[in-house]
Amino acid sequence: MRITEKMKSLKEYIPNVDDCKIKLDANENPFPMDEDIKKEVLSAVEKCGLSRYPDPMSKDVCESYAKVMGVKESQVVAGCGSDELIGIITGFLLNKGDRVLVFEPDFSMYAFYSFLHELDIISVPKEQGIAFDADFVIKSIERFDPKMVLFSNPCNPTGGAIKSEQVKKILERTQAMVVLDEAYMEFFGDSLVPDINEYENLIILRTMSKAYGFAGGRVGFAAAREEIIREIKKAKSPFNLTKLSQAAACAILKHANKYKAQVDALTVLTRETYARLKEIEKKHPGKVTVFESSANFIYIKCARSQEIFEKLRDMSILIRAYPDGYLRVSTGLKEENDAFLDAFDAILKETGL
Ligand code: PMP
């Protein structure tokens with residue numbers, strides 16, 4: 001096989017695969033599936049008829065999700081995770097060489113797919129590593145004049161969020177397509193989905209991998225004006241969602257209210273973890289900085305972060321380590337959060353920070 005320059009320059013993306021007892025690395029919903037919902041999921045899966053191909057447009061799933069979001073089914077397309085939709089949006093709505101604007105740090109898949117599609121990627125570092133607001137986005141757009149801008153709100157990994165009024169300011173100031181990734185919006189509750197009809201340059205990404213506890217099912221959505229959704233549908237794989245995931249997703253979405261209660265519980269747990277992390281921060285002035293979060297995870301700047309990450313992993317506690325001294329810990333069940341906090345506190349003491 002001929003190895004191209006493009007192949008050489010792409011670093012492999014390896015998600016965490018460590019088999020740790022406590023898994024706080026991927027911002028998943030830690031609650032076990034509700035027993036009644038599980039029964040409905042299993043019964044729907046049993047009836048789904050696996051010898052036939054699935055509905056290529058996942059109509060029932062889109063209808064169920066559109067209902068939850070208060071929009072029309074024609075304004076929603078389902079993907080094999082929102083990852084697939086990021087790939088389609090960057091690959092099909094743009095031409096090779098078009099400029100895309102992303103920010104650093106943010107969700108790495110924006111740059112990953114933009115690279116695969118040979119786009120001109122401008123990655124703007126956030127001020128002080130995390131600061132991000134509408135004016136910063138507008139200034140960056142004015143400076144670089146991109147065809148598309150992608151960012152997550154709330155942001156993975158920083159946990160920062162921009163109010164919808166501010167996001168509207170961005171949309172009104174640019175012709176560029178704005179891909180607004182609301183993967184964690186259930187935790188912040190200020191979505192722009194109700195406004196999709198107002199903007200010709202807005203695509204919103206959502207997922208069932210976080211609040212809906214269905215990361216293993218791989219179901220994500222894009223919501224936008226009908227004419228944009230029609231284009232995205234043209235470019236997706238014909239049978240991108242399996243019958244299994246469609247059946248299960250529909251059963252889950254019937255119980256959106258139960259998930260709302262879980263989101264509230266996770267928000268309380270995140271707040272508790274934040275409060276304890278702030279106490280730890282006080283004990284290590286200048287060495288540990290904990291950032292406020294509008295999602296179900298917390299971003300921490302910490303001296304010797306890689307070493308701390310590895311020590312936690314040795315104790316079977318998996319979190320996420322980033323370059324330049326940052327860590328991100330997802331909110332788990334109370335006992336998981338406590339185990340992490342106790343271990344983190346002890347490791348910091350032992351490391352002599
Ligand atoms: N966007 C953001 C901001 C995410 O953090 C993630 C998952 N880590 C995704 C999208 C992808 O989600 P999915 O599981 O739907 O592909």
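Residues numbered from 1 in each chain as written. Predicted model: local features only at pLDDT ≥ 70, side-chain atom pairs only at ≥ 80, totals over all residues. Heavy atoms only, no water.

**A closer look at the pairing of strand β8 (residues 220-224)**
With five of its five residues buried, β8 lies for the most part within the structure. Side-chain alternation along β8 places Gly 220, Ala 222 and Ala 224 on one buried face and Phe 221 and Ala 223 on a second face that is also buried. Inspection of the sheet shows strand β2 (residues 76-79) paired to β8 by four bridges, in the antiparallel sense. By the bridge assignment, Gly 79 is partnered in β8 with Gly 220. With five bridges connecting them, strand β7 (residues 202-207) and β8 associate as antiparallel partners. Across the sheet, Leu 205 pairs through a bridge with Ala 222, a residue of β8. (Buried < 20%, exposed > 50% of the residue type's maximum accessible area, 1.4 Å probe, protein only. Helix = DSSP H or I, 4+ residues; strand = E, 2+ residues; numbered from the N terminus. Pairing = 2+ DSSP bridges.)

**Some words on the site of the ligand**
By nearness alone, 14 residues border the ligand, and Ser 82, Asp 181, Thr 207, Ser 209 and Arg 218 come closest of all. Residue Thr 207 places a side-chain N or O atom 2.6 Å away from an oxygen atom belonging to the ligand. In the environment of the ligand, an oxygen atom lies 2.7 Å from a nitrogen or oxygen atom belonging to the side chain of Arg 218. Taking 400 Å² as the accessible area of the ligand by itself, protein coverage stands at 91%. (Near = heavy atom within 4 Å. Polar contact = N/O pair within 3.5 Å; in protein donor to acceptor, adjacent residues only side chain to side chain. Areas by Shrake-Rupley, 256 points an atom, 1.4 Å probe, with all protein chains shown as cover.)

**Focus on the sheet that holds strand β6 (residues 177-181)**
The seven strands are arranged β2-β8-β7-β6-β5-β3-β4 in an open sheet whose pairing can be described as mixed. Of all strands in the sheet, those bounded by a partner on one side alone are β2 and β4 (120-125). On average, each strand axis in the sheet is tilted by 20° relative to the strand beside it, whichever way the strands run. Two strands pair when backbone bridges link them, and β6 and β7 are joined in this way by four bridges, in the parallel orientation. When the bridges of β7 are listed, Val 179 appears paired with Ile 203. (Axes fitted to C-alpha atoms, helices over the stretch in contact; angles between N-to-C directions.)

**Observations concerning the environment of Gly 49**
Looking at the secondary structure, you find Gly 49 in the loop between α2 (35-46) and α3 (59-69). Between the alpha carbons of Gly 49 and Leu 244 there is a distance of 9.2 Å; along the sequence they are 195 residues apart.

**Examining the pattern of salt bridges**
All chains considered together, the criterion is met by 33 salt bridges. Between Lys 311 and Glu 307 there is a salt bridge whose closest N-O contact spans 3.6 Å. Of this pair, Lys 311 and Glu 307 both sit in helix α11 (residues 305-314), four residues apart, which is roughly one turn of the helix. We classify Lys 311 as partly exposed; its relative accessible area is 26%. Note on Glu 307: relative accessible area 29%, which makes it partly exposed. Among the charged side chains, a network of salt bridges with common partners joins Glu 272, Arg 276, Lys 334, Asp 338 and Asp 342. (Salt bridge = Lys/Arg side-chain N within 4 Å of Asp/Glu carboxyl O.)

**Quick word on the sheet that holds strand β10 (residues 297-302)**
The antiparallel open sheet is built from four strands, whose spatial order is β9-β10-β13-β12. Whereas interior strands pair on both sides, the edge strands pair on one side only; in this sheet they are β9 (288-290) and β12 (320-322). Averaged over all adjacent pairs, the angle separating strand axes in this sheet is 25°, with direction ignored. Relative to β10, β9 is paired through three bridges, and the arrangement is antiparallel. Opposite Val 288, over in β10, you have Cys 302 as the bridge partner. Against the sheet, helix α12 (residues 334-351) contacts β9, β10 and β13 (326-330), and its axis sits at roughly 5° relative to β10. (Contact = heavy atoms within 4.5 Å.)

**Topic: unusual backbone geometry**
Negative phi characterises most residues that are not glycine, and trans characterises most peptide bonds. Residues Glu 104 and Pro 105 are joined by a peptide bond in cis, for which omega reads 5°. Assignment of secondary structure puts Pro 105 in the loop between β3 (99-104) and α5 (109-116). Here the residue pair Asn 153 and Pro 154 is connected by a cis peptide bond, since its omega of -5° sits within 30 degrees of zero. Its location among the elements puts Pro 154 in the loop between β5 (148-152) and α7 (164-172). You will see that Glu 118, though not glycine, has its phi angle at about 55°, which is positive. Topologically, Glu 118 is positioned in the loop between α5 and β4. Even without a glycine there, the phi angle at Arg 304 is positive, about 55°.

**Some remarks on the packing of helix α4 (residues 81-92) against helix α8 (residues 226-235)**
Helix-helix packing: each pair is described by the crossing angle between the helix axes and the interaxial distance. Taken N-terminus to C-terminus, the directions of α4 and α8 make an angle of 100°; their axes are 10 Å apart at the nearest point. The angle between α4 and α8 falls in the class roughly perpendicular. Between α4 and α8, the residues in contact are Leu 85, Ile 88, Ile 89 and Phe 92 and Glu 231, Ile 232, Lys 234 and Ala 235, respectively. In terms of residue class, the contact of α4 with α8 is made up of six nonpolar, no polar and two charged. (Parallel < 35°, antiparallel > 145°, perpendicular 65-115°, else oblique. Nonpolar A, V, L, I, M, F, W, Y, C, P; charged D, E, K, R; others polar.)

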